[in-house]
Amino acid sequence: LLPLVAAAKPIPFPKGTTFMAEYGAGTMNEVQLFYAPRYWYSAGAGWLELSSEDGRKQRHITYLRGNLLAKRWNLPSAQANVFVWGGLGRATGNDFDGSTLARNVGVQLDYETRRVYSAFRSDLQESDRFSHRIDTLQLGWAPYKHDYDTLATWFVVQGRRYTGDIMDGTETALLVRFFKRGTWVEIGATTDGKLQAMAMFNF
């Protein structure tokens with residue numbers, strides 16, 4: 001089932017390290033680094049930047065986080081997973097002084113074959129000063145089947161909703177994803193023309 005790595009996962013493989021970086025023009029930037037001693041858990045750190053559409057709210061959150069594979073289904077030609085995570089960090093903002101303790105919890109559910117996949121992720125960052133949740137739904141289709149050693153191509157539709165007065169409504173993006181072995185690059189744009197990009201490296 002190694003070829004079925006169509007969705008970003010916080011746990012790559014035993015004794016593996018994952019580096020992920022995501023760029024969303026004007027809204028969200030995030031960097032994460034996780035190490036997995038075993039196949040069912042990982043731990044690491046991350047940095048998140050959020051900006052409201054009007055530029056009045058900005059958040060910078062640095063956190064430590066643990067990830068757990070809560071459930072996995074290995075099917076004859078598909079795989080499904082449930083991941084949960086939690087962590088603590090420090091946050092600053094342009095609408096309050098100093099820094100504050102921030103809490104992070106989240107969940108991801110995904111199902112994938114070699115041609116189709118779906119993933120839903122909900123990530124909550126909160127403190128005594130703010131509460132922001134980012135819900136992301138992705139639906140993808142591959143025009144051809146791929147193997148672990150060959151280049152995979154996916155066309156992805158993404159819907160994302162932010163809470164906490166970051167953005168009104170749902171942000172929709174159209175993305176093209178390429179990956180081979182442990183390297184994954186994704187690029188596209190929202191329906192408003194804002195650049196979206198993500199890269200992931202497993203080693």
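The structure we're discussing is the one just above.
Keep in mind that this is a model prediction, so the values were computed, not measured. (Residues numbered from 1 in each chain as written. Predicted model: local features only at pLDDT ≥ 70, side-chain atom pairs only at ≥ 80, totals over all residues. Heavy atoms only, no water.)

*Asks:* Please set out the environment of G55 residue by residue, giving values where relevant.
*Replies:* Its location among the elements puts G55 in the loop between β3 (41-51) and β4 (58-75). Since its relative accessible area comes to 36%, G55 is described here as partly exposed. (Helix = DSSP H or I, 4+ residues; strand = E, 2+ residues; numbered from the N terminus. Buried < 20%, exposed > 50% of the residue type's maximum accessible area, 1.4 Å probe, protein only.)

*Asks:* Lay out the sheet that holds strand β2 (residues 28-38) in plain terms, naming residues and giving numbers.
*Replies:* The sheet built from twelve strands closes into a barrel, its strands ordered β1-β2-β3-β4-β5-β6-β7-β8-β9-β10-β11-β12 with antiparallel pairing. In this sheet, neighbouring strand axes are inclined to one another by 15° on average, regardless of whether the strands run parallel or antiparallel. With nine bridges connecting them, β2 and β3 associate as antiparallel partners. Bridge pairing in β3 places F34 opposite G44. (Pairing = 2+ DSSP bridges. Axes fitted to C-alpha atoms, helices over the stretch in contact; angles between N-to-C directions.)

*Asks:* I'd like to hear about the side chain of H132, residue by residue, with values.
*Replies:* Of note, H132 is situated in strand β8 (residues 131-141). Of note is the side chain of H132, whose polar atom sits 3.5 Å from the backbone oxygen of G164. (Polar contact = N/O pair within 3.5 Å; in protein donor to acceptor, adjacent residues only side chain to side chain.)

*Asks:* Just give me the short version of the packing of aromatic side chains, but keep the residues and values in it.
*Replies:* All told, the structure shown has five aromatic pairs when counted by the stated rule. Arranged with centres 6.4 Å apart and planes meeting at 20°, the rings of F19 and F201 form a pair that is stacked. Separated by 182 residues along the polypeptide, F19 in strand β1 (residues 16-24) and F201 in strand β12 (residues 195-202) bring together distant segments of the chain. Residue classification places F19 among the partly exposed residues on the basis of a relative accessible area of 28%. Where W40 meets Y41, the ring centres are 4.6 Å apart and the plane angle is 55°; that geometry is what we call tilted. Take W40: its relative accessible area is 34%, and that puts it in the partly exposed class. Take Y41: its relative accessible area is 28%, and that puts it in the partly exposed class. (Phe/Tyr/Trp six-rings, centres within 6.5 Å; stacked < 30°, edge-to-face > 60°.)

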